[in-house]
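Spelled out from the first residue to the last, the chains are:
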Amino acid sequence: TQLLSDLGADVIKINALHDVYWHSNHIAYMANHGKRSIALNLKDRRALKILRELVATADVVQHNMRYKAAVKLGIDYESLRKVNPRLVYCHTRGHERGPREALPGNDQTGGCLAGVQFEDGGMARGGKPMWSLTSLGDTGNGFLSAIAILQALYHRDRTGEGQMCTTAIVNAQLLNCSNAVAHPDGRGLERPHTDALQLGFSAGYRLYETADGWLCLVLAREEHWTALCRALGREDLARDRRFATAAERARHDEALGRILEEAFAKRAAREWLADLDRAGVPCEISSPDFALGMHDDPELIARGWVASYRHPFVGRLDQAGLFFDLSDTPGRVQGPPLVVGQHSRELLRELGYPDAEIDAFVKEGFVGEWKP
């Protein structure tokens, strides 16, 4: 829904009154910019009435609570489509359809089931499972739900019909592991496997430690290999029978890896980067410092790829910005991450409630309002 906000949607977050702690941490910050927040206790029928009034004006409802909870609250698809027959309703889950469907799920469990932890940990080559911090299941599920919602809206624009769509964290993790294909009898296909230390796939496609940091090397084509030999001052390697062809290099991969490790360790990463760039060898420094200057880079700021704003809890807040470049309809980050109840009064006014009645709702405790 943050992605849809960046594309121009008016996204209203229905927060529980106790969401303040959750929305005061970095995980919530990175997924909630550009949204408005109304805080409601949906177990109170008066708050549920307000939610239904919002649904009547909405194009989309999206949530990721377990579906039985939505049914119990009366905000399941069948209940809300009675309020708005044209509604697009997106439910995101942890697991796939089937026995696990109603179970709680998160990024790591999805990655475990789909094989991400096996693949990233290099377990096929003796490694251990890797607990990833990049949350490709969580963020991937968000991307999948945005795509599903846009497709459902496109369908509705053509037919007038709303519909329910669902996505899951494990689906996103399966997409991340879609390189792991198999024959019908279960035999795997030949494909790259990360090594046990998670440095890379092969001597020509991995990370190397230099005198002052790490360098990523990618020999994607045969000419990259010969260019690397020249840049290293080791034309003899290109003539070595063990490394004369891609097949021979694969056969002697460990030996080649040791030679390259020894060579790269002798000089600084930036020196190697300059020489390899000149030679046309794909490479990059794995830098611990690059990200520290991203939010002050004039080009990234101008393109909107990074966003900075004042946030009431933390002061200046720097984040990733737009993920799209559209020539005629450019996106826009509509504001900093929400504060729970920040827009409760504003949204209730839009529904036609007078201030005196809103004051009563807040006092009676089924509507939450944030005040600086």
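Along each chain, residues carry numbers from 1 onward, in the same order as the chain's sequence is written. Residue-level local features of this predicted model are given only where pLDDT is at least 70; pairs of side-chain atoms are given and counted only at 80 or more, and the full residue set underlies all totals for whole chains, interfaces and linings. Side-chain numbers come from the whole structure's heavy atoms, not from hydrogens or water.

## Considering the sheet that holds strand β8 (residues 214-218)
Here comes step 1: At least two DSSP bridges between two strands are required for those strands to pair. Here a helix means four or more residues in a row that DSSP labels H or I, a strand means two or more in a row labelled E, and each is numbered from the N terminus. Spatial strand order, β6-β7-β8-β9: four strands in an open sheet with antiparallel pairing. The sheet terminates laterally at β6 (200-202) and β9 (283-286), the two strands that pair on one side only. Recorded for the sheet is a direction-independent mean angle of 40° between the axes of neighbouring strands.
Here comes step 2: One ladder, built from five bridges, connects strand β7 (residues 205-209) with β8; its direction is antiparallel. Among the inter-strand pairings, E209 is bridged to a residue of β8, identified as W214.
Here comes step 3: Relative to the sheet, helix α13 (residues 253-264) contacts β6, β7 and β8, its axis offset from that of β7 by approximately 40°. To define axes, lines are fitted to C-alpha atoms, for helices over the stretch in contact only, and angles between the resulting N-to-C directions are given on a 0 to 180 degree scale. Any two residues whose heavy atoms approach within 4.5 Å are treated as being in contact.

## Side note on the side chain of R206
Here comes step 1: The residue R206 is located in strand β7 in this model.
Here comes step 2: For R206, the side chain forms a polar contact with the side chain of E261, separated by 3.1 Å.
Here comes step 3: Apart from the residues lying within four places of it in its own chain, the contact partners of R206 are L199, G200, F201, L215, C216, L217, G257 and E261. Counted as a polar contact is a pair of N or O atoms within 3.5 Å, where, for protein atoms, one must be capable of donating a hydrogen and the other of accepting one, and residues adjacent in sequence contribute only when both atoms are in side chains.

## What about helix α14 (residues 269-279)?
Here comes step 1: Relative accessible area decides the class of each residue, using a 1.4 Å probe on protein chains only: under 20% of the type maximum gives buried, over 50% gives exposed, and in between gives partly exposed. What α14 keeps buried is the set A269, W272, L273, D275 and L276.
Here comes step 2: Count one or two residues on from α14 and you reach G280, which has phi positive near 80°.

## Quick word on the pairing of β7
Here comes step 1: Sheet topology note: the β6/β7 ladder contains two bridges and is antiparallel. Within the sheet, the bridge partner assigned to G200 lies in β7 and is R206.
Here comes step 2: Adjacent in sequence and paired antiparallel, β6 and β7 are bridged by two residues.
Here comes step 3: Counted along the chain from β7 to the antiparallel partner β8, the turn is four residues long, and its residue G213 has a positive phi close to 155°.

## What about the nonpolar core?
Here comes step 1: Core analysis: the largest hydrophobic core is formed by 25 residues, its most contacted members being L217, W225, L228, L260, F264 and L276.
Here comes step 2: Those elements giving two or more residues to this core turn out to be β8, α10 (222-232), α13, α14 and β9.
Here comes step 3: Ranked by the residues each element gives to this core, the list is headed by α10, at six residues.
Here comes step 4: Judged by nonpolar contacts, the second largest core, of 23 residues, contains I38, L48, L54 and Y89. Here the nonpolar core consists of buried residues drawn from Ala, Val, Leu, Ile, Met, Phe, Trp, Tyr and Cys, with membership extended through side-chain atoms lying within 4.5 Å.

## A closer look at the pairing of strand β3 (residues 60-63)
Here comes step 1: Every second residue of β3 is oriented toward a common face, the buried set being V61 and H63 and the non-buried set V60 and Q62.
Here comes step 2: Note: β3 against strand β4 (residues 88-93), four bridges, orientation parallel. For V60, the partnering residue across the bridge sits in β4 and is V88.

## Side note on a nonpolar patch on the surface
Here comes step 1: Any residue with relative accessible area above 30% and no salt bridge may belong to a patch, with like charges joined within 9 Å and the nonpolar Val, Leu, Ile, Met, Phe, Trp and Tyr side chains within 5 Å. Using the Shrake-Rupley algorithm and a 1.4 Å probe, accessible areas are obtained, with residue cover drawn only from the displayed protein chains. Any Lys or Arg side-chain nitrogen found within 4 Å of a carboxyl oxygen on Asp or Glu counts as a salt bridge. On the surface, Y21, W22, I27 and M30 cluster together into a nonpolar patch covering about 470 Å² of accessible area.
Here comes step 2: Mapped onto the secondary structure, M30 falls in the loop between α2 (26-29) and β2 (35-40).

## Focus on the packing of aromatic side chains
Here comes step 1: Between 30 and 60 degrees the pair is tilted, below 30 it is stacked and above 60 it is edge-to-face, where a pair is any two Phe, Tyr or Trp rings, Trp via its six-membered ring, whose centres lie within 6.5 Å. Scanning the entire structure with this criterion turns up ten aromatic pairs.
Here comes step 2: Geometrically, the ring pair formed by F264 and W272 is edge-to-face, given 5.0 Å between the ring centres and 75° between the ring planes. Accessibility assignment for this pair places F264 and W272 in one class, buried.
Here comes step 3: Ring centres of F313 and W370 lie 6.3 Å apart, and the angle between their planes is 80°; this geometry places the pair in the edge-to-face category. Highlighted residues: F313 in the loop between β10 (306-311) and β11 (315-320) and W370 in the segment after β12 (367-368), separated in sequence by 57 residues.
Here comes step 4: Grouping aromatic residues by their ring pairs yields a cluster made of Y67, Y77 and Y89.
Here comes step 5: Here the basic side chain of R206 rests over the ring of Y208, its NZ or CZ set 3.9 Å away from the ring centre.
Here comes step 6: Lying over the aromatic face of W272, R267 brings its terminal NZ or CZ to 4.6 Å of the ring centre. Charge-over-ring placement is defined geometrically: NZ (Lys) or CZ (Arg) within 6 Å of the ring centre, and within 35 degrees of the ring normal.

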